[in-house]
Amino acid sequence: SDHALIVGLVEANNHRIEAWLTDNPTDSRRVLLILPRCVRKNCCRPGPGGDLAQSVHCHSCQLGDLARAASHHQVKAFVAFRSHLAYDAARRDRPDLIIATACEDRLFKALSSVPDIPALLSPLTSMDRMCVGANFSMDWFFEMLTLISPEVADCESKSQAGFGT
């Protein structure tokens, strides 16, 4: 099935990227966190271009938590209002690594649209209906930030790294 194929491709990709990160540790990676617009709740007010930096003081939803974690790790994070804008941002910013979540068909498109930039990808965890009310795994984002920021692993709790505060 398409689902099994996409999940398999994403898992294989993530294992390859995780191995590369483990074999090539550095503190100077430029990382871009990308989320789809369907994770934005009514309380969310991302800045220009979907920038999450101004959401750092929001305590109403997951995007505020992610904005604080991104700020803590000096990682750029944004909500892409269309997938082609996410790919354009990746090509323009040329990060060393992308960490992103999206629906499965967009993950497949991401693998083929920006193949020259390593990307750790995760499917959305749930959705109220197509492109509305989506959720993502904060634990997964925390794990990925731990891979790129060793000091996160030394934190006593996720809240010290900006999650759930």
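Scroll up a little and you will see the structure.
Residues numbered from 1 in each chain as written. Predicted model: local features only at pLDDT ≥ 70, side-chain atom pairs only at ≥ 80, totals over all residues. Heavy atoms only, no water.

K.L.:
Explain the layout of surface pockets to me, and be specific about the residues and the numbers.
P.N.:
There is about 550 Å³ of room inside the largest pocket. In this structure, the largest pocket is lined by 30 residues; those nearest its centre are Pro36, Ser83, Tyr87, Ala102 and Arg106. Mapped onto the lining of the largest pocket, the elements with two or more residues apiece are strand 1 (31–36), helix 3 (83–93), strand 3 (97–102), helix 4 (104–113) and strand 4 (119–123). Tallied by class, residues from the lining of the largest pocket come to 22 nonpolar, 3 polar and 5 charged. (1 Å grid on protein atoms, 1.4 Å probe; cavity = no way out; pocket = protein on both sides within 12 Å on 5 of 7 lines; lining within 4 Å. Points joined across faces, edges and corners; volume = space filled by probe spheres on them. Helix = DSSP H or I, 4+ residues; strand = E, 2+ residues; numbered from the N terminus. Nonpolar A, V, L, I, M, F, W, Y, C, P; charged D, E, K, R; others polar.)

K.L.:
Break down the packing of aromatic side chains for me, with residues and values.
P.N.:
Applying the stated rule across the entire model yields 2 aromatic pairs. Ring centres 5.5 Å apart and planes at 80° place the aromatic pair Phe136 and Phe141 in the edge-to-face group. Judged by relative accessible area, which is 1%, Phe141 ranks as buried. Between Trp140 and Phe141, the aromatic rings sit 5.1 Å apart at their centres with planes inclined by 80°, giving edge-to-face as the arrangement. Side by side, Trp140 and Phe141 carry an identical accessibility label, which is buried. One aromatic cluster in this structure is built from Phe136, Trp140 and Phe141. (Phe/Tyr/Trp six-rings, centres within 6.5 Å; stacked < 30°, edge-to-face > 60°. Buried < 20%, exposed > 50% of the residue type's maximum accessible area, 1.4 Å probe, protein only.)

K.L.:
Could you give an account of unusual backbone geometry, naming the residues involved and the relevant values?
P.N.:
At Gln74, a position not held by glycine, the phi torsion is positive, near 55°. Relative to the helices and strands, Gln74 resides in the loop between helix 2 (62–72) and strand 2 (76–80). When its relative accessible area of 75% is taken as the criterion, Gln74 is described as exposed. The backbone of Arg94 sits at a positive phi, close to 50°, despite the residue not being glycine. With respect to the secondary-structure elements, Arg94 resides in the loop between helix 3 and strand 3.

K.L.:
Account for the nonpolar core, with residues named and values stated.
P.N.:
Membership of the largest hydrophobic core comes to 31 residues, with the highest contact counts inside it found for Leu33, Leu63, Ile99 and Phe136. When contributions to this core are tallied by element, the ones reaching two or more residues are helix 1 (2–23), strand 1, helix 2, strand 2, strand 3 and helix 5 (138–148). The contacts of Leu63, once residues within four sequence positions are left out, are Leu35, Val39, Arg40, Cys44, Leu52, Val79 and Phe136. In this structure, Leu32, Ile34, Ala90 and Ile98 belong to the second largest nonpolar core, which totals 19 residues. (Core = buried A, V, L, I, M, F, W, Y, C linked by side-chain atoms within 4.5 Å. Contact = heavy atoms within 4.5 Å.)

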